[in-house]
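Architecture at a glance
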Amino acid sequence: MNSPLEILNAYIKRNNLRHTYERERVLEHILSINGHFTILSLYEEMNKDIPISRGSIYNTIELFLKIGLVVRHPFAGAEAEYETTMRASTHHHRICTSCGAIKEFSDQKFSKAIKNRTFASFQTQFHSIYIYGLCKKCQPKIKKTKK
Ligand SMILES: [Zn+2]
Ligand SMILES: [Zn+2]
């Protein structure tokens, strides 16, 4: 398998895009994050080192989504949460359908079962299970409104 930087450079070459220093810095940065991030958290973290606009970060993440370097989690709250596909396969997610809070968890049994599942017309790259429900904070709120 190619490294994230190789995947990025191959895409840039194939599509005749400009090489930008910022894209590589964003890639470098997100690979060092052991968890989820938002455009805002990335913007705040990165600006401690280099001046980079939120727009550039957003466009770069959109590009990374397209070429499979990051995933955007469904159902997130006010701000979309992302993570790199390099680490997404090591854990699963519990998502609150009310507030969008996402928690990570690991389960070897799930992972084994999915790895053994192959498809004739689909090439699996990584996997992550989403379990939807209500978080601790939202459970009492939802119950109250139903009464
Ligand atoms: Zn919740
Ligand atoms: Zn995750």
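None of the values given here were measured: they were computed from a predicted structure. (Residues numbered from 1 in each chain as written. Chains lettered and ligands numbered in written order. Predicted model: local features only at pLDDT ≥ 70, side-chain atom pairs only at ≥ 80, totals over all residues.)

Section: the overall build of the protein
- A count of helical and extended segments in the protein gives seven helices and five strands.
- Each helix and strand of the protein, placed in order from N terminus to C terminus, yields the pattern α-α-α-α-β-β-α-β-β-α-β-α.
- Dimensions of the protein, computed from C-alpha atoms along their principal axes, come out at roughly 60 × 40 × 20 Å.
- Each of the 147 residues in the protein was classed as buried or not, and the buried ones make up 15%.
- Long-range contacts, defined as pairs at least 24 residues apart, comprise 54% of the intrachain contacts of the protein with a sequence gap of at least 6. (Helix = DSSP H or I, 4+ residues; strand = E, 2+ residues; numbered from the N terminus. Buried ≥ 20, exposed ≤ 12 C-beta atoms within 10 Å, placed from the backbone. Contact = placed C-beta atoms within 7 Å.)

Things to note about the packing of helix α2 (residues 21–31) against helix α4 (residues 54–66)
- Their axes nearest at 10 Å, the elements α2 and α4 cross at an angle of 70°. Between α2 and α4, the crossing angle belongs to the class labelled roughly perpendicular. On α4, the residues touching Glu22, Arg23 and Val26 of α2 are Ser56, Ile57 and Thr60.
- When grouped by side-chain class, the residues that make up the contact of α2 with α4 number two nonpolar, two polar and two charged. (Axes fitted to C-alpha atoms, helices over the stretch in contact; angles between N-to-C directions. Parallel < 35°, antiparallel > 145°, perpendicular 65-115°, else oblique. Nonpolar A, V, L, I, M, F, W, Y, C, P; charged D, E, K, R; others polar.)

Details of the pairing of strand β4 (residues 102–105)
- Of the strand pairs in this sheet, strand β3 (residues 92–96) and β4 are connected by four bridges, and their pairing is antiparallel. Directly across from His92, in β4, lies its bridge partner Phe105.
- Connecting β3 to the next strand, β4, in antiparallel fashion are five residues, including Gly100 with a positive phi near 85°. (Pairing = 2+ DSSP bridges.)

Re the environment of Ala80
- Along the chain, the position of Ala80 falls in the loop between β1 (70–72) and β2 (82–84).
- Judged by C-beta crowding, with 18 C-beta atoms within 10 Å, Ala80 ranks as partly exposed.
- C-alpha of Ala80 to C-alpha of Phe37: the two residues are 43 residues apart in sequence and 8.4 Å apart in space.

Details of the domain arrangement of the protein
- Parsing the protein into structural domains produces domain 1 (1–88) and domain 2 (91–147).
- The straight-line distance from the C-alpha centre of domain 1 to that of domain 2 is 23 Å.
- Across the boundary between the two partners, domain 1 contributes nine residues, which contact 10 residues of domain 2. (Domains from an automatic or database assignment.)

Describing the sheet that holds strand β5 (residues 130–133)
- An order of β4-β3-β5 is seen for the three strands of this open sheet, with the pairing classed as mixed. Single-partner strands in this sheet number two, and they are β4 and β5. Taking each pair of neighbouring strands and ignoring which way they run, the sheet shows an average axis angle of 25°.

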